[in-house]
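Descriptive analysis of the structure
Given next are the chains, with one letter for each unit.
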Amino acid sequence: MRGRFITFEGGDGAGKTTQIELLSQALSRAGQDPLVTREPGGTKLAEEIRNWVLHDASSIDAETEVLLMFAARSHHTKKVIEPALTSGRWVLCDRYTDASYAYQGGGRGLPNSLIASLEKIATGGLKPDLTILLDLGIDAGVRRTGGRGTSHDRFESEESAFKERVRAAYHHIAEANGDRVVNLDASQAVGELYNHIKILLSERFGVLID
Ligand code: TYD
């Protein structure tokens, strides 16, 4: 049986990494062999692209940026995500195509039609079975990433108007895809948020995890 494809989205500092880790451990305890991966990234080539697109100091224009995101996604989808799903593994992915609609579409102002064309080429139409949107106010997100002690990437360094546009785009995506995307309040404590995710998984897929 094909595995489930679950993606996590949200602004920076929303707590995706922590929730993915908790869910991955619980699925492993329940006898699954989940694959945890991320975008941009997930293959050697895509991780190289990530490095350029998140940290290169020279200016990358919006079109170049979106092409790099989808080049990484195409490689990652074909080499890692599809084979894992086909072999029956669950895939937990930190961001996927919704992030391009939110950041390159909402944030940078590129047209959705352009992103949709690239999506078709890069993903072959692959959509997550479930997308968990961890929604957090911009100020709270900035406070959390500020406390990480690592240098900020190109997106974390953007002005708050950019981050507000990204957040609004995510809200729009959730409203337009209510069957796939679930919007959760990420200002809750880690344990409370995780409880919501557990309930969601049991409702959607009938899996009971602790
Ligand atoms: P993320 O892995 O969440 O960063 P962190 O290491 O801080 O947890 O995401 C990296 C950044 O890449 C994030 O700011 C959003 C951006 N991004 C896009 O702009 N478009 C995309 O398609 C993807 C996948 C990510």
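A few points on the structure. Just so we're clear, the structure is a prediction, and the values are computed from it rather than from any experiment. (Residues numbered from 1 in each chain as written. Predicted model: local features only at pLDDT ≥ 70, side-chain atom pairs only at ≥ 80, totals over all residues. Heavy atoms only, no water.)

Digging into the site of the ligand
As a matter of local geometry, the ligand sits amid 16 residues, with Lys-16, Arg-73, Arg-95, Ser-100 and Gln-104 nearest to it. One nitrogen or oxygen atom from the side chain of Asp-12 is found 3.2 Å from an oxygen atom belonging to the ligand. Between the ligand and Ser-100 there is a distance of 2.6 Å, counted from an oxygen atom to a side-chain nitrogen or oxygen. About the coverage of the ligand: the protein hides 92% of its 560 Å² of free accessible area. Those elements that provide at least two residues to the shell around the ligand are helix 2 (44-55), helix 3 (62-86) and helix 4 (97-107). (Near = heavy atom within 4 Å. Polar contact = N/O pair within 3.5 Å; in protein donor to acceptor, adjacent residues only side chain to side chain. Areas by Shrake-Rupley, 256 points an atom, 1.4 Å probe, with all protein chains shown as cover. Helix = DSSP H or I, 4+ residues; strand = E, 2+ residues; numbered from the N terminus.)

Focus: the packing of aromatic side chains
Given two aromatic rings, their pairing is described by the distance between the two centres and the angle made by the two planes. Taken as a whole and assessed by the stated rule, the structure comprises six aromatic pairs. Measuring from centroid to centroid gives 6.3 Å for Tyr-103 and Phe-162, while their planes differ by 55°, and the two rings are tilted. Taken together, the residues Tyr-103 in helix 4 and Phe-162 in helix 7 (residues 160-176) connect sequence positions 59 residues apart. The exposure class assigned to Phe-162 is buried, which follows from its relative accessible area of 1%. For the ring pair Tyr-103 and Tyr-170, a centre distance of 6.3 Å and an interplane angle of 80° mean the geometry is edge-to-face. On the criterion of sequence distance, the pair formed by Tyr-103 in helix 4 and Tyr-170 in helix 7 is long-range, its members being 67 residues apart. You can call Tyr-103 buried: its relative accessible area is 8%. Tyr-170 gets classed as buried once you look at its relative accessible area, which sits at 3%. Three or more aromatic residues joined by ring pairs make a cluster, and in this case those are Tyr-103, Phe-155, Phe-162 and Tyr-170. Here the guanidinium or amino end of Arg-73 rests over the ring plane of Tyr-96, the centre of that ring lying 5.4 Å away. Positioned above the aromatic ring of Phe-155, the side-chain terminus of Arg-154 is 5.6 Å from the ring centre. (Phe/Tyr/Trp six-rings, centres within 6.5 Å; stacked < 30°, edge-to-face > 60°. Buried < 20%, exposed > 50% of the residue type's maximum accessible area, 1.4 Å probe, protein only. Lys NZ or Arg CZ within 6 Å of the ring centre and 35° of its normal.)

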